Amino acid sequence: VLHSEASAEEPVGSTALSVKVWRGGPDGGRLQTFEIPTSANQTVLDAISLIQRQKEPSLAYRFSCRVGMCGSCAMTVNGVPRWTCRTLVSAVNHGGTLEIRPLRNLPIIRDLVTDMTPFFERWTATTLPSGSAAADAAPGLEDRIIAPPKRSGANASEADGVDRTTSPAQPAPEYAPPPALSNATLEDPDRRAANEATECINCGVCYAACDVVAADRDYIGPAALNRAWAAWNDHRRPDHKAIEDAVTRTGGCHTCHTHGACAAACPIGLNPSSGIAGLKRETSRSTLRGIWNLGLSFAGSERSAQGGSR
Amino acid sequence: MTANEFLLQRLSAVVMAPLVVMHLLTIILAVQGGLSGEEILERTRGNWLMGTLYATFVIAAAVHTGIGLANILAEWAGMARQSARIVGHAFGGLLLVLGLRAVWAVL
């Protein structure tokens, strides 16, 4: 965690900090320099807020919780994507200067505000950029993996929207939880893998850090695949086929080059690279199993054809 | 890259790895005594084991190169994925034809 890198000993209001902030819009922009005082435990977000409140009211930036929960305030700080609310200035300023730019790989709306739509489209959808016919036709990961099982019959309407993971309500007669649900424990390796992947706060830092996202417009990125890996390991959602379909298309998990930039940049220490490697491993096994079964069924049909001709 | 392309890329690499070693050892050992072209051909003519191994090598290299080149063209040259596949596999096909022809020529 970045904030732990900082020294506890910091000068209060004594040192000037030179902050270069990117100003502009979708058509381009430039760096504008501000001189501000430093303070104890000053975060990068504090520095930007100080500039906006005292020096440049028109500066656009995005934040919400300020405690590393919401994932709104990610920006590029001295060339590295970071969550600014939990990044201490003292940990990242080099020679008393900061350079703050919007997140990479996302369209810029204004100044430090990026349009997160492509990130969330990929996070919830499958493999293709929005607007394409294939993407519009393809059901998203949200619908295909996370949605609770559809129920039919008299209880169908009241079942909609019920979160079965937390609700102690009696299950409808036609719905029986898979046995794995009752068997899953916190010590279960699959459960631990799912837990880790669900900690993502959707800040977009991994997406901005990924060179493959920058190079390949089809790639859905580490956050979406990390989410798919969580679903894969979730005992309550055993529909591996749907996940496999979603992550094995062009732009899916096999596009990852395993650079590990996502894991290095993730502010909460998740390792999407590891999850993507897991998806590659499991989908490769499944493909090989499919080929093997195809061979077996072919051999079986040959045998039965020979038996029938006798 | 799709799941099938990923798998083929890895499997072709697995096939090629020992064959690269075999190829390097063969050419290093072959030139130790200063073999002439004629002497090499004497050893390769009718050697079906060598022919099979090198034909396998050529097929694996053609598959591996086709997929890899398509990926490079899509990611580095910004080519549309489908166009990159066509160019990549066309080049792989060229390698396949030239390679198998070369193997056949010394067999």
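Residues numbered from 1 in each chain as written. Chains lettered and ligands numbered in written order. Predicted model: local features only at pLDDT ≥ 70, side-chain atom pairs only at ≥ 80, totals over all residues. Heavy atoms only, no water.

Novice: Run through the confidence of the model for chain B, naming residues and quoting values.
Specialist: Should pLDDT be low for a region, the predicted coordinates there are not to be read in detail. In this model, chain B carries a mean pLDDT of 92, and residues with pLDDT of at least 70 account for 100%. Interface confidence for the predicted complex, given as ipTM, is 0.77, next to a pTM of 0.75. (pLDDT = per-residue confidence, 0-100.)

Novice: Let's hear about unusual backbone geometry: which residues, and what values?
Specialist: Most of the time, phi is negative for any residue but glycine, and the peptide bond is trans. Residue and element names in this part refer to chain A. Unlike most non-glycine residues, Asn105 shows phi in positive territory, near 70°. Take Asn105: it is sitting in the loop between β5 (97-101) and β6 (108-110). On the basis of relative accessibility, which here comes to 23%, the residue Asn105 falls in the partly exposed class. Backbone geometry at Asn202 places phi at a positive 60°, although glycine is not the residue there. Within the secondary structure, Asn202 is located in the loop between α8 (189-198) and α9 (205-209). (Helix = DSSP H or I, 4+ residues; strand = E, 2+ residues; numbered from the N terminus. Buried < 20%, exposed > 50% of the residue type's maximum accessible area, 1.4 Å probe, protein only.)

Novice: Tell me about the interface of chain B and chain A, and name the residues and values.
Specialist: Contacts between chain B and chain A engage 14 residues on the former and 16 residues on the latter. Between chain B and chain A lies a buried interface of about 1200 Å² when both sides are counted; carbon and sulfur atoms form 52% of it. Run the count over chain B and chain A and you get 1 salt bridge. Taking the shortest distance from any N to any O, the salt bridge between Asp216 of chain A and Arg81 of chain B comes out at 2.5 Å. Where chain B meets chain A, there are 4 residue pairs in polar contact (both at pLDDT 80 or more). Mapped onto the side of chain B that touches chain A, the elements with two or more residues apiece are α1 (3-32), α3 (48-76) and α4 (81-106) of chain B. Here the element with the most residues in the side of chain B that touches chain A is α1 of chain B; it accounts for 4 residues. Split by residue class, the side of chain B that touches chain A holds 7 nonpolar, 4 polar and 3 charged. (Contact = heavy atoms within 4.5 Å. Buried area = accessible area lost by both parts, 1.4 Å probe. Salt bridge = Lys/Arg side-chain N within 4 Å of Asp/Glu carboxyl O. Polar contact = N/O pair within 3.5 Å; in protein donor to acceptor, adjacent residues only side chain to side chain. Nonpolar A, V, L, I, M, F, W, Y, C, P; charged D, E, K, R; others polar.)

Novice: Tell me about the pattern of salt bridges, and please be specific about residues and values.
Specialist: Taken as a whole and assessed by the stated rule, the structure comprises 9 salt bridges over all chains. If you follow the salt bridges from partner to partner, you end up with Arg23, Glu56, Arg110 and Asp111 of chain A in one network.

Novice: Now, about the nonpolar core: what can you tell me, with residues and values included?
Specialist: Grouped burial of nonpolar side chains is what soluble globular proteins tend to show. All names here are of chain A. Tyr219, Leu225, Val247 and Leu279 are the most contacted members of the largest nonpolar core, which has 34 residues in total. No other element matches helix α11 (residues 222-232), which puts 7 residues into this core. Excluding residues within four positions of it along the chain, Leu279 makes contact with Leu225, Ala228, Trp229, Trp232, Val247 and Cys253. In this structure, Leu45, Ile48, Cys73 and Cys85 belong to the second largest nonpolar core, which totals 22 residues. (Core = buried A, V, L, I, M, F, W, Y, C linked by side-chain atoms within 4.5 Å.)

Novice: Mind laying out the packing of α8 of chain A against α11 of chain A, listing which residues take part and the relevant values?
Specialist: All names here are of chain A. At a minimum axis distance of 8 Å, the contact between α8 and α11 shows a crossing angle of 150°. Our classification of the angle between α8 and α11 gives roughly antiparallel. As α8 packs across α11, the resulting crossing turns out to be left-handed. Contacts from Ala193, Ala194, Ala197 and Thr198 in α8 reach Asn226, Trp229 and Ala230 in α11. Residue composition of the contact of α8 with α11, by class: 5 nonpolar, 2 polar and no charged. (Axes fitted to C-alpha atoms, helices over the stretch in contact; angles between N-to-C directions. Parallel < 35°, antiparallel > 145°, perpendicular 65-115°, else oblique. Left-handed = near helix turned anticlockwise from the far one by under 90°.)

Novice: Describe the state of the cysteines, naming the residues involved and giving the relevant values.
Specialist: Residues and elements named next belong to chain A. Overall, the coordinates contain 0 disulfides over all chains when judged by the stated rule. Here Cys65 stays free of any disulfide, with the sulfur of Cys70 as its closest cysteine sulfur at 3.6 Å. Cys203 carries a free sulfur, and the closest cysteine sulfur to it, the one in Cys266, is 6.3 Å from it. (Disulfide = S-S within 2.5 Å.)

Novice: A description of the packing of aromatic side chains should follow, citing residues and the corresponding values.
Specialist: With the rule as written, the count across this model stands at 6 aromatic pairs over all chains. Here Trp48 of chain B and Trp104 of chain B contribute two aromatic rings whose centre-to-centre distance is 6.5 Å and whose plane-to-plane angle is 65°, an arrangement assigned as edge-to-face. One end of the pair, Trp48 of chain B, is in helix α3; the other, Trp104 of chain B, is in helix α4, and 56 residues separate them in sequence. Relative accessible area serves as the criterion here: at 54%, Trp48 of chain B is assigned to the exposed category. Consider the rings of Tyr54 of chain B and Phe57 of chain B, whose centres lie 6.2 Å apart with planes at 35°: the pair is tilted. Here Tyr54 of chain B pairs with Phe57 of chain B, and both are found in helix α3, just 3 residues apart, close to one helical turn. Phe57 of chain B carries the same exposure label as Tyr54 of chain B, and that label is buried. One aromatic cluster is present, formed by Phe119, Phe120, Trp123 and Tyr207 of chain A through successive ring pairs. Here the basic side chain of Arg227 of chain A rests over the ring of Trp123 of chain A, its NZ or CZ set 4.1 Å away from the ring centre. (Phe/Tyr/Trp six-rings, centres within 6.5 Å; stacked < 30°, edge-to-face > 60°. Lys NZ or Arg CZ within 6 Å of the ring centre and 35° of its normal.)

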